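Tertiary structure, described
Take a look at the letters that make up each chain.
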Amino acid sequence: MRTKLYTILFLLAAVTVFGQQKQVQASIDSTKIRIGSQFNLTLKTKVDTSASVNFPEGKNFGRLEVLESYPVDTIRDGGRYELVKKYGLTQFDSGRYVIPSLPVFINNKGVKTDSLLVEVRTIKVDTLKQKMFDIKPVLKAKANNTFWFWLLFILAFVGSTAFGLRYYLKRRKPREPKAAKEELITPIEKATRELQNLEKKELLAKGQVKDYYSQLTDIARVYIEEAIHVPAMESTTSELIEAMRAAVLKKRMSLTQETFEELEKILRTADMVKFAKSRPLDFEIAEDRNRIEKTIVVIDRSIPEEKEEDDIHTQLWLEAQRKKKAKKKRNLIIAGIAFVVSFVIVFSITTFGMDYLRDNFLGHPTKELLEGEWVKSEYGNPSVFIETPKVLKRRDVSGMIPPDAKAKIKNMAMFEYGAMFEKFYIAVSTTTFKEETDIDLNVALEGGIKSLEAQGATNILVKNEEFNTDKGITGMRAYGNMTLKDPLTAKPIRAYYEVLLFKQAHGLQQVMIVHQEGDEYAMQILERVKNSVELRVN
């Protein structure tokens with residue numbers, strides 16, 4: 001009886017559902033899709049021509065992503081409109097997902113759609129037909145910046161050549177007849193001519209008072225330096241006056257206190273004009289110019305005729321000044337070259353990166369190993385044939401064999417290049433036992449890891465898999481990362497390692513390679529070495 005009641009109720013519900021037509025119908029074109037595939041959701045409704053309809057919008061419907069919202073299609077059906085709205089949806093993770101009830105507003109009244117179910121399936125991969133490989137390391141894309149580098153190099157070369165040529169021509173000028181003629185001009189004649197040329201420049205008429213005073217006092221300082229041999233150009237006003245007083249006493253010149261005061265007054269006025277932006281009156285400027293000319297004439301008349309010893313002193317002073325100027329020019333050239341080189345280095349690092357500069361100009365140890373002449377040789381017993389960038393050197397391991405193992409080991413040898421904390425390290429070791437021994441490579445690997453830990457390695461990540469040489473000899477490949485400590489700086493170094501282990505009836509063969517992480521050249525060396533490994537089977 002109860003069963004009949006449930007049946008009747010179910011039938012009534014079905015009749016009710018099918019008897020009522022939904023105002024908004026929702027449907028999808030596929031209930032099962034692949035990950036990332038698009039399927040379409042369609043919403044339909046029939047309304048009067050005067051009705052306003054707003055369909056839902058958004059970036060996500062539930063956990064499904066809306067790829068595209070298409071324009072509404074309008075179909076006229078007599079006195080009514082059928083509105084069709086489509087959405088492109090997807091999901092990038094497998095599972096069963098529900099499109100929730102969506103609100104559609106008809107004349108500002110919300111109408112909910114039915115919820116729908118869609119299944120997102122994964123793509124099956126047949127691992128028997130498609131082999132799985134390790135994730136390759138990230139490699140930097142090499143930009144072709146050669147044009148810009150050579151353009152910069154040419155500009156730097158042209159600039160340096162022009163600077164050197166200018167300096168060379170400047171140094172040759174004193175040997176020219178014209179320059180030789182200029183050497184005959186006395187300091188007083190040179191100062192007088194410079195004062196006349198200063199007036200011809202008409203700096204005062206142009207309002208350039210600061211430049212006028214600067215050149216006026218420079219004429220006086222150059223004259224004093226050449227006539228009395230005092231370093232006037234590099235001295236302050238106070239230092240210049242003190243140096244002049246000492247030179248006057250030494251040369252027994254008849255200069256009055258008034259001359260010193262006049263010169264000091266003009267120099268201090270010039271300092272005020274240059275550094276304190278003071279501006280003398282026009283008549284004061286004219287007086288200062290006359291004072292300078294008068295002071296120079298007074299100083300020149302007070303200079304006594306030079307004796308032979310004075311002439312020697314003068315020549316020595318002139319030679320010292322010449323060397324000083326030559327040193328100054330040399331320093332300028334060195335500074336210019338240093339600036340150009342520094343600019344080229346900074347520009348190269350900024351434009352091409354430090355790796356490009358190091359690889360092509362400063363040198364890169366592992367790149368040099370990779371591109372150098374390789375050596376193929378046989379090491380140990382049972383032998384390991386291997387190709388390496390450098391010849392491996394034998395290491396004495398007699399002290400490394402535990403006392404309890406010496407009774408079982410017939411022979412043990414080790415050959416290596418570099419050190420583990422350096423850019424690249426490779427070691428080949430072979431062990432021969434006195435009797436036939438069943439060696440467990442996992443135990444041998446565990447012993448090798450403990451040996452690394454004993455040498456200071458930490459955070460060792462170990463992965464292992466089967467490894468086959470080109471001739472089909474099977475062994476074990478262990479690889480991973482570890483942290484080493486630089487013995488000089490005590491700084492941690494993150495390194496990558498690979499170990500190849502092979503067992504024989506009477507022996508064990510091992511190849512170990514370690515290099516710093518992120519070195520693409522070291523990775524290429526590792527692959528080449530690993531692919532060259534062959535064994536002598538006992």
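Along each chain, the written sequence defines residue order, and numbers are assigned to residues from 1. In keeping with the predicted nature of the model, local features appear solely for residues at pLDDT of at least 70, side-chain atom pairs appear and are counted solely at 80 or more, and the whole-chain, interface and lining totals rest on all residues. Excluded from the side-chain calculation are hydrogens and water; included are all heavy atoms of the structure.

What follows deals with the pattern of salt bridges. Salt bridges are defined as contacts in which a side-chain nitrogen from Lys or Arg sits within 4 Å of a carboxyl oxygen from Asp or Glu. A full pass over the atoms with the stated rule returns 19 salt bridges. Here Arg 80 and Asp 48 are joined by a salt bridge, their closest N and O atoms 3.0 Å apart. Of this pair, Arg 80 sits in strand β8 (residues 80-90) while Asp 48 sits in strand β3 (residues 39-48); the two residues are 32 residues apart in sequence, bridging distant segments of the chain. Residue Glu 119 pairs with Arg 121 through a salt bridge whose shortest N-O separation is 3.6 Å. Relative accessible area serves as the criterion here: at 36%, Arg 121 is assigned to the partly exposed category. The network of salt bridges with shared partners includes Glu 465, Arg 477, Glu 498, Glu 527 and Lys 530. Every helix listed is a DSSP run of H or I at least four residues long, and every strand listed is a run of E at least two residues long, numbered separately from the N terminus. With a 1.4 Å probe rolled over the protein chains alone, any residue whose accessible area is under 20% of its type maximum counts as buried; one over 50% counts as exposed, and the rest are partly exposed.

Whether parallel or antiparallel, the strands of a sheet pair through hydrogen bonds between backbone atoms. Strands qualify as paired when DSSP identifies two bridges or more between them. With respect to topology, 3 strands assemble into an open sheet ordered β4-β10-β11, the strand pairing being antiparallel. Strands with a single pairing partner mark the edges of an open sheet, and in this sheet they are β4 (53-54) and β11 (109-112). The pairing of strand β10 (residues 103-106) with β11 spans 4 bridges and is antiparallel. Bridged to Val 104 within β11 is Val 111.

The subject of this paragraph is empty space enclosed by the protein. The method works on a 1 Å grid over the protein atoms by themselves. A cavity is a set of points holding a 1.4 Å probe that cannot get out, a pocket is an open set with protein on both sides within 12 Å along at least five of seven lines, and residues with an atom within 4 Å of a point line them. Grid points are joined across faces, edges and corners, and a volume is the space filled by probe spheres set on the points. Across all of its chains, the model carries 1 cavity of 30 Å³ or more by this definition. Here the largest cavity defines a volume of roughly 30 Å³. Counting residues per element, the ones that place at least two in the lining of the largest cavity are β20 (492-503) and β21 (507-516). Residue type decides the class: Asp, Glu, Lys and Arg count as charged, Ala, Val, Leu, Ile, Met, Phe, Trp, Tyr, Cys and Pro as nonpolar, and the leftover types, Gly among them, as polar. Split into classes, the residues belonging to the lining of the largest cavity amount to 3 nonpolar, no polar and 2 charged.

With that out of the way, let us pick up the environment of Phe 105. Tracing the backbone shows Phe 105 in strand β10. For the pair formed by Phe 105 and Val 53, sequence separation is 52 residues and the distance between their alpha carbons is 5.7 Å. Residues within four places of Phe 105 in sequence aside, it is in contact with Ser 52, Val 53, Asn 54 and Gly 110. Residues are treated as being in contact if the distance between any of their heavy atoms lies within 4.5 Å.

Bringing the nonpolar core into the picture now. Buried Ala, Val, Leu, Ile, Met, Phe, Trp, Tyr and Cys residues that are joined via side-chain atoms within 4.5 Å together make up what is termed a nonpolar core. By size, the foremost hydrophobic cluster in this structure holds 34 residues, and its most contacted members are Tyr 223, Ile 224, Ile 228, Met 244 and Ile 299. For Ile 228, the contacting residues outside a window of four places in its chain are Tyr 223, Met 244, Ala 247, Lys 251, Met 253 and Ile 299. Membership of the second largest hydrophobic core comes to 27 residues, among which are Leu 445, Met 476, Ala 478 and Ala 495.

Moving on to the sheet that holds β20. With respect to topology, 7 strands assemble into an open sheet ordered β15-β16-β17-β21-β20-β19-β18, the strand pairing being antiparallel. Two strands lie at the open edges of the sheet, namely β15 (393-395) and β18 (463-468), each paired on one side alone. Averaged over neighbouring strand pairs, the angle between their axes works out to 25° when direction is ignored. Pairing of β15 with strand β16 (residues 409-417), which is carried by 3 bridges, proceeds in the antiparallel orientation. Looking across to β16, one finds that Arg 395 is bridged to Met 414. With respect to the sheet, helix α13 (residues 441-454) is in contact with β18, β19 (474-485), β20 and β21, its orientation differing from that of β19 by roughly 15°. Helix axes are fitted only over the stretch in contact, all axes being lines through C-alpha atoms; the angle between N-to-C directions runs from 0 to 180 degrees.

Structurally, the position occupied by Thr 469 is in the loop between β18 and β19. Looking at Thr 469, the relative accessible area reads 7%, which means it is buried.

Let's shift gears to helix α8 (residues 282-302). Between its terminal C-alpha atoms α8 stretches 31 Å, which fits the 30 Å expected from 21 residues at 1.5 Å a residue. Turning to α8, its buried residues number three or more, namely Ile 285, Asp 288, Arg 289, Arg 291, Ile 292, Thr 295, Ile 296, Ile 299 and Ser 302. Taken around the axis of α8, the buried residues stretch over an arc of 165°, which confines them to a single face. Across α8 from its buried face, at more than 90 degrees, point the exposed residues Asp 282, Lys 294 and Arg 301. Where the residues of α8 are buried, they touch α4 (187-200), α5 (209-228), α6 (237-251) and α7 (257-275). To estimate how far a helix should reach, multiply one less than its number of residues by 1.5 Å. Note: the arc covers the axis-to-C-beta directions of the helix.

The sheet contact formed by β18 and β19 spans 6 bridges and is antiparallel. Note on β19: the bridge partner recorded for Asn 464 is Ala 478. The hairpin turn running from β18 into β19, its antiparallel successor, is 5 residues long, and Gly 472 in that turn takes a positive phi close to 85°.

Turning to the packing of aromatic side chains, a few remarks are in order. Pairing of aromatic side chains here covers Phe, Tyr and the six-membered ring of Trp, requires ring centres within 6.5 Å, and sorts the geometry by plane angle: under 30 degrees stacked, over 60 edge-to-face, intermediate tilted. Evaluation of the coordinates by the stated rule reveals 4 aromatic pairs. Relative to Phe 415, the ring of Tyr 379 lies with its centre 5.2 Å away and its plane at 50°, an arrangement referred to as tilted. One end of the pair, Tyr 379, is in strand β13 (residues 375-379); the other, Phe 415, is in strand β16, with 36 residues separating them in the sequence. By relative accessible area, Phe 415 is classed as buried at 7%. Between the aromatic rings of Phe 467 and Phe 502, the centroid separation amounts to 6.2 Å while the plane-to-plane angle is 65°, which identifies the pairing as edge-to-face. Taken together, the residues span a long stretch of sequence, with Phe 467 in strand β18 and Phe 502 in strand β20 at a distance of 35 residues. Both residues of the pair, Phe 467 and Phe 502, count as buried. Criterion for a charge above a ring: Arg CZ or Lys NZ at most 6 Å from the ring centre, at most 35 degrees from the ring normal. For Arg 245, the ring lying beneath its charged end belongs to Phe 260, and the centroid distance is 4.6 Å. Its guanidinium or amino end placed over the ring of Tyr 479, Arg 477 lies 4.0 Å from that ring's centre, counting from NZ or CZ.

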